[in-house]
Amino acid sequence: MELKSILATDCGSTTTKAILIQKIDGEYRLTYRGEAPTTVEAPFEDVTRGVLNAVMEIEELAGRKILDGDHIVSPMNGDEGVDIYISTSSAGGGLQMMVAGVVKSMSGESAERAALGAGSIVMDVMASNDGRLAHEKIKRIRDLRPDMILLSGGIDGGTISHVVELAEILHAANPKPRLGQNYKLPVIYAGNNKAQDQIRDTLGDMVDLDITENIRPVLERENLEPSRDKIHDLFMEHVMQQAPGYKKLMEWTDAPIMPTPGAVGSLIEMIAEKENITVVGVDIGGATTDIFSVFEGKFNRTVSANLGMSYSICNVLAEAGLENVLRWVPFDINQKELTNRIGNKMIRPTTVPQSLEELFIEQAIAREALRLSFIQHKEFATSLKGIQKERTISDAFDQSSSGNSLVNMMDLDLLVGSGGVLSHAPRRAQSTRMLIDAFMPEGITQLAVDSIFMMPQLGVLANIEKEDLAEEARIAALEVFHNDCLVRLGTCITPVGKSKNGITVLKADLIMPDGSTIHHDLKKDELFCIEVPYEPIKAKLTPGKKMDIGAGKGETIETTIYGGVVGIILDGRDRPITIPTDSEERLGALKNWSDAVNEYPVHREVNN
Amino acid sequence: MAHAYTPGLKVLHHSKVQKNRRLPIKGTVTKQVGDLLKPDEIVATTNLPGNVQMVKVANLLNIGPADVLDAMLVKEGDIVNKGSMIAQTEGLFGFFKTDVKSPIDGTIESISDVTGQIVMRDAPIPVEVDAYMTGTVKEIIPEEGVIVEADAAFIQGIFGIGGESRGYMEIVVSNREQELTADLLNESHKGKIVVGGSFISLATYKKALSLGIAGVVVGGFNYYDLEEILGYVLGVAITGSEDLVTSLVLTEGYGNIKMGKRTFDLLNEHHGKFVSINGATQIRAGVIRPEIVIPLKESEIPDSALYESGEKGIGENSLVRVIRAPYFGKMGKVISLPPELQKMESETMVRVAIVNIGDEAITIPRANLEMVEVD
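Since the structure is predicted, the reported quantities are computational estimates derived from the model, not experimental observations. (Residues numbered from 1 in each chain as written. Chains lettered and ligands numbered in written order. Predicted model: local features only at pLDDT ≥ 70, side-chain atom pairs only at ≥ 80, totals over all residues.)

Chemist: Teacher, can you tell me more about the overall build of chain A here?
Modeler: Along chain A, the regular secondary structure elements total 18 helices and 28 strands. Its C-alpha atoms give chain A principal-axis dimensions of roughly 70 × 60 × 50 Å. Across the 608 residues in chain A, those meeting the buried criterion constitute 56%. Taking the intrachain contacts of chain A between residues at least 6 apart in sequence as the baseline, contacts between residues at least 24 apart amount to 70%. (Helix = DSSP H or I, 4+ residues; strand = E, 2+ residues; numbered from the N terminus. Buried ≥ 20, exposed ≤ 12 C-beta atoms within 10 Å, placed from the backbone. Contact = placed C-beta atoms within 7 Å.)

Chemist: Is there a simple way to explain the overall build of chain B in this structure?
Modeler: Looking only at helices and strands, chain B features 5 helices and 28 strands. Taking 21 Å as the expected radius of gyration for a compact globule of 375 residues, we find that chain B reaches 28 Å, considerably beyond that expectation. With the C-alpha coordinates aligned to their principal axes, the bounding extent of chain B is approximately 100 × 55 × 45 Å. Classification of the 375 residues of chain B by burial places 42% in the buried group. Long-range pairs, those at least 24 residues apart, make up 65% of the contacts in chain B with a sequence separation of at least 6. (Rg over C-alpha atoms; globule rule 2.2 N^0.38 Å.)

Chemist: Please explain the interface of chain A and chain B as it appears in this structure.
Modeler: Of the residues lining the interface, 43 residues belong to chain A; the matching set on chain B comes to 43 residues. At the level of elements, helix H3 (134-144), helix H4 (161-173), helix H9 (313-320), helix H11 (335-347) and helix H12 (356-380) of chain A are the ones that each hand at least two residues to the side of chain A that touches chain B. Of the residues that constitute the side of chain A that touches chain B, the class distribution is 18 nonpolar, 17 polar and 8 charged. (Nonpolar A, V, L, I, M, F, W, Y, C, P; charged D, E, K, R; others polar.)

Chemist: What exactly am I supposed to notice about the domain arrangement of chain A here?
Modeler: The figure often quoted for interface size is the accessible area lost as the parts come together. Residue and element names in this part refer to chain A. Assigned domains within chain A: domain 1 (5-82), domain 2 (93-247) and domain 3 (279-299 + 406-597). Between domain 1 and domain 3, the C-alpha centre-to-centre distance is 33 Å. If one sorts the elements of the side of domain 1 that touches domain 3 by residue count, strand S3 (residues 27-37) sits on top with 5 residues. Classifying every residue of the side of domain 1 that touches domain 3 by side-chain character gives 6 nonpolar, 1 polar and 4 charged. (Domains from an automatic or database assignment.)

Chemist: I tried to follow the nonpolar core on my own but got confused; where do I start?
Modeler: It is characteristic of soluble globular proteins that their nonpolar side chains tend to be buried jointly. Within the largest apolar cluster, 261 residues are counted, with the highest numbers of intra-cluster contacts made by Met97(A), Leu150(A) and Leu461(A). Considering each element in turn, this core owes the most residues, 11 residues, to H12(A). Ignoring any residue separated from it by four or fewer positions in sequence, one finds Leu461(A) in contact with Ile6(A), Ala8(A), Ile86(A), Ala473(A), Ala476(A) and Ala477(A). The next biggest cluster of nonpolar side chains, apart from the first, holds 15 residues, and it includes Val322(B), Ile323(B), Phe328(B) and Val352(B). (Core = buried A, V, L, I, M, F, W, Y, C linked by C-beta atoms within 7 Å.)

Chemist: Sorry, what's going on with the environment of Asn186(B) here?
Modeler: By secondary structure assignment, the location of Asn186(B) is in the loop between strand S15 (164-171) and strand S16 (193-195). Separated by 76 residues in sequence, Asn186(B) and Ser110(B) have C-alpha atoms that sit 55 Å apart.

Chemist: I'm lost on the sheet that holds strand S23 (residues 517-523) of chain A in this one. Help?
Modeler: Picture the strands of a sheet paired through backbone hydrogen bonds; they go either parallel or antiparallel. All names here are of chain A. In spatial order, the strands read S23-S22-S25-S27; together these 4 strands make up an open sheet with antiparallel pairing. Of all strands in the sheet, those with a lone pairing partner are S23 and strand S27 (557-562), marking the two edges. Direction aside, the axes of adjacent strands within the sheet are offset by 25° on average. Looking at chain direction, strand S25 (residues 536-543) and S27 are connected through 6 bridges and run antiparallel. (Pairing = 2+ DSSP bridges. Axes fitted to C-alpha atoms, helices over the stretch in contact; angles between N-to-C directions.)

Chemist: Even after reading the chapter, I still don't get the pairing of strand S7 (residues 96-101) of chain A, so can you show me in this structure?
Modeler: Consecutive residues of a regular strand have side chains that alternate between opposite faces of the sheet. All names here are of chain A. The element S7 is extensively covered by neighbouring structure, given that 6 of its 6 residues are classed as buried. Read from S7 through helix H2 (residues 104-117) to strand S8 (residues 121-127), the crossover connection turns out right-handed. When S7 meets strand S9 (residues 148-151), the two strands line up parallel, connected through 4 bridges. Considered in S9, the bridge of Met98 is made with Ile149. (Right-handed = clockwise from strand over helix to strand, strands pointing away.)

Chemist: Which parts of the structure should I look at to understand the packing of H9(A) against H11(A)?
Modeler: Helix packing for two helices is described by the angle between their axes and how far apart those axes are. Residue and element names in this part refer to chain A. Axis separation between H9 and H11 bottoms out at 7 Å; the angle between their running directions is 140°. Considering their axes alone, H9 and H11 lie oblique with respect to each other. For the pair formed by H9 and H11, the contact residues are Ile313, Cys314 and Leu317 on the first element and Thr339, Ile342, Gly343, Lys345 and Met346 on the second. Counted by class, the contact of H9 with H11 contains 5 nonpolar, 2 polar and 1 charged residues. (Parallel < 35°, antiparallel > 145°, perpendicular 65-115°, else oblique.)

Chemist: How should the sheet that holds strand S11 (residues 208-211) of chain A be read in this particular structure?
Modeler: All names here are of chain A. With respect to topology, 5 strands assemble into an open sheet ordered S8-S7-S9-S10-S11, the strand pairing being parallel. Only two strands of the sheet have a single neighbouring strand rather than two, namely S8 and S11. This sheet shows a mean twist of 20° between the axes of neighbouring strands, independent of strand direction. In the sheet, strand S10 (residues 186-189) pairs with S11 via 4 bridges, with the strands oriented parallel. For Ile188, the partnering residue across the bridge sits in S11 and is Asp210. Contacts between H3 and the sheet are confined to S7 and S8, with S8 contributing the most and set at about 165° to the helix.

Chemist: I'm lost on the confidence of the model for chain A in this one. Help?
Modeler: The predicted coordinates of low-pLDDT regions are not to be read in fine detail. All names here are of chain A. Residues with a pLDDT of 70 or more make up 94% of chain A, whose mean pLDDT is 88. Ranking the elements of chain A by mean pLDDT puts strand S17 (residues 388-390) last, at 44, and helix H15 (residues 428-439) first, at 98. Counting interchain partners and residues more than four positions distant, the pLDDT-below-50 stretch residues 385-391 has 19 contacts. Counted against residues more than four places away or in other chains, residues 398-403, with its pLDDT under 50, gives 8 contacts. (pLDDT = per-residue confidence, 0-100.)

Chemist: Please explain the domain arrangement of chain B as it appears in this structure.
Modeler: All names here are of chain B. Examined at the domain level, chain B breaks down into domain 1 (10-16 + 150-300), domain 2 (52-122) and domain 3 (319-374). Computed over C-alpha atoms, the centres of domain 1 and domain 3 are 27 Å apart. Listed by partner, the interface residues are 6 residues for domain 1 and 5 residues for domain 3. Grouping the constituent residues of the side of domain 1 that touches domain 3 by class yields 2 nonpolar, 1 polar and 3 charged.

Chemist: I'm lost on the pairing of strand S6 (residues 84-89) of chain A in this one. Help?
Modeler: All names here are of chain A. Here S6 lies mainly inside the structure; 6 of its 6 residues are buried. Side-chain alternation along S6 places Ile84, Ile86 and Thr88 on one buried face and Tyr85, Ser87 and Ser89 on a second face that is also buried. Across 6 bridges, the pairing between strand S1 (residues 5-11) and S6 is parallel. Opposite Ile6, over in S6, you have Ile84 as the bridge partner. Where S6 lies against strand S13 (residues 258-259), 2 bridges are found, and the strand directions are parallel. Considered in S13, the bridge of Thr88 is made with Met258.

Chemist: So what exactly am I meant to see when it comes to unusual backbone geometry here?
Modeler: Peptide bonds are trans in most cases, and residues, glycine excluded, mostly fall at negative phi. With an omega of -5°, the peptide bond running from Arg575(A) to Pro576(A) counts as cis. Mapping Pro576(A) onto the fold places it in the loop between strand S28 (567-571) and helix H18 (583-597). Despite not being glycine, Glu143(B) shows a phi value in the positive range, around 65°. The backbone of Asn317(B) shows a phi angle near 75°, a positive value even though the residue is not glycine. Here Asn317(B) falls in the exposed class, since 10 other C-beta atoms lie within 10 Å of it.

Chemist: Just to check I follow, could you spell out H3(A) for this structure?
Modeler: Each full turn of the α-helix corresponds to 3.6 residues, which orients residues three or four apart in the same direction. For H3(A), the complete set of buried residues consists of Ala134(A), Lys137(A), Ile138(A) and Ile141(A). End-on, the buried residues of H3(A) take up no more than an arc of 100°, which puts them together on one face. The elements touched by buried residues of H3(A) are S7, S8 and H4 of chain A together with strand S5 (52-55) of chain B. After H3(A) finishes, the residue Arg145(A) shows a positive phi value of roughly 50°. (Arc of directions from axis to C-beta.)

Chemist: Could you clarify how one ought to interpret the confidence of the model for chain B in this entry?
Modeler: All names here are of chain B. Across chain B, pLDDT averages 89, with 94% of residues at or above 70. Counting interchain partners and residues more than four positions distant, the pLDDT-below-50 stretch residues 1-6 has 22 contacts. Scored as a complex, the prediction yields pTM 0.84 and ipTM 0.84.

Right under this line is the structure:
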């Protein structure tokens, strides 16, 4: 079925964002967007109110009718209405889960992967061997009040006592759901199939038990898909039913409502598969930072629950340490003054940086929030990730501690940033610098930001399963992703290896689309930017003797690279980036790097 | 006239303050609608299920899980005392018996022949909810609690630590710019709510703790110093469960910031009154701010119309306070709200307000203003 117009909304905790996608001259484009405050809480307590308000804004901008009273006109009739309507949701704090497994690094970790992959926040991972006493676990379960619990443990046919013991702890805790008092807490059991009867007996009628395939049927194989699907089903059937107005919203949509991060993840997974590339995506919000990656065809998602730019900004300071934040601040500031300023942002989270100094501080913190989130992601995205993966027994025992992360920065093709501090930075060069400084790409890496954070809506669009709509919807999602969603910042080229001060680490020869050539010898610790738009550029890149640009030490690469709104950035800094400790030298280095990409306007001292 | 909705902190001479006083689980409500309440009066009680202990009987007796049922001397639902025998093996010809004694006074909740362990529960924990403030029972929430209502002056702070507290309020500074210093506190302040001006240092707050002062209300405090009080770095602003003798309510924020004039004047007006304060803060969706409730006697209720919080938002002539650097803490009246986006020094494009601060028209992002809600 041909889709001429698609309406998609994302119901966030504070804002409901609507977009209208239309087929224009045979191509899908984002045409209008509208937003309105989310109306889950009093006095409205009906999410559809916010949806209608956001859609009304689109109606006004587009000058066309989409609503008939309180209903979305569908399918499209002449110039009125839309062909399909879809939505994602993270309102009310999103989906909050607790997971349990027998061995923390095995079934516990697999359960965590399944829950994260489904788009939930994992509040705690409980395991038989997590070092906590039974009564401590019980207290924790009672205190947390998750939306859903995923219980796993044991291989199929293995011993059942450990996983039943976990069920006994759950039973003793008598957990209550976070939303609504009148329904039982959904619990998914995805452990040893031989223990299913005992699990049923133990948990009995206390919870709403759902049994699915074992997440770890044998030691060396992980089977996440059935649990992920079950989480999505229960999210719709139970959790969303409790949120005000969602019953109505679910009747309106042409595809199941997805948790926002689940939709973003599935879009990134699809892009990586379709284009056969490796991708890292990040969404930095006020309270949390989500990171998604696809390496070796395997998808991973992590949520750093308390690394964000407003509600949890002080936690970034606590976890990164003041020194690490201060090293990015390009002016001298008293430490107490700095911490008070950051504290004041936490308690007044909706404020914006008016002065340049405030912007410097926010972007310094963003670098550290992103860097820490990415470290957590790399530690979690280990080789076992994936829907199904064969592994040897020896791999199975060291999956998280051995450091065999799937994330290989030299292999990374595309790094996409989103979230206010990246998408709405006053200059794109600032987003570029934050991404490079935090993620420290190696070799050749394309950089982009999501212009208005429409990845959630595109993700759910790409996931429509109705047979007559699926293919066209996927095409639409991809076309809009490339045409309107991504703002191409440029390409970062970083040689990696040991080098001495003053030496050339890379010789770059570029042939521009107009035929002109550019040559640059990149020195150690230098940042150099060539302004060139998103067009193919022929590049010959020769690293220094001990340096590697992706083909091995000293090996030249001839390839096609792309510019962007910022351009080609040659980065001669170490990995990890070394910042001078001497205050004057540090300020000098920061200034040079900023000036190289024209990052900030000229800074003048501001008196407070 | 242009408008922008920016919720502000409440500083109200008179408001109908309502408080939900609910139990964490269902229980018994002990009051009736219309009852007059003192802050310490209990309005509802219940028993929380006791803590759970798991005893690995099979391991302790060195038997298989399936044999545990035979070894048990008690059954599910039985009440046992600490030290009493709850399981025993048959031994060999009646000798060499091994036994398990109850580690607690409690109930046998379940016995598992799969894991070989038993679940025991401590005696229930009684929980009571008090009225928090002087007022009247407005409504009963069946089996859960009551809604208490009071005619009161009501002030919201921006951040606090420590939970509910109450006491006679004493203003110990002479003006809102004055720092609350250690020399201003003495033994006579024990159990009282002390109001300072612009700032309290860590050393002074520690003195307040040592004197047993019930609460401190002041303009600012150093974020840096919270760690020493809390024992951890405060990463997200969710507080209220700290076990502190002295609850702390900041009216302005972190740093040395003089208390808002209206806030100080209103507190000063009620010097000597018995007040209830709560330091609990939660800055997330469904925000909770710390508060000071000053119940009023009928004769004290002002004649002016009762303030009703509305979504009036900021308009021309609204009194606003700047809540971010570089003009942090300054107050002024809105001159105009230009509709078009304007570029700030940071190059951020934002909607702004032109505010009269010290006879100067200053451009401030609307997001960096809060309305001072006054009646």
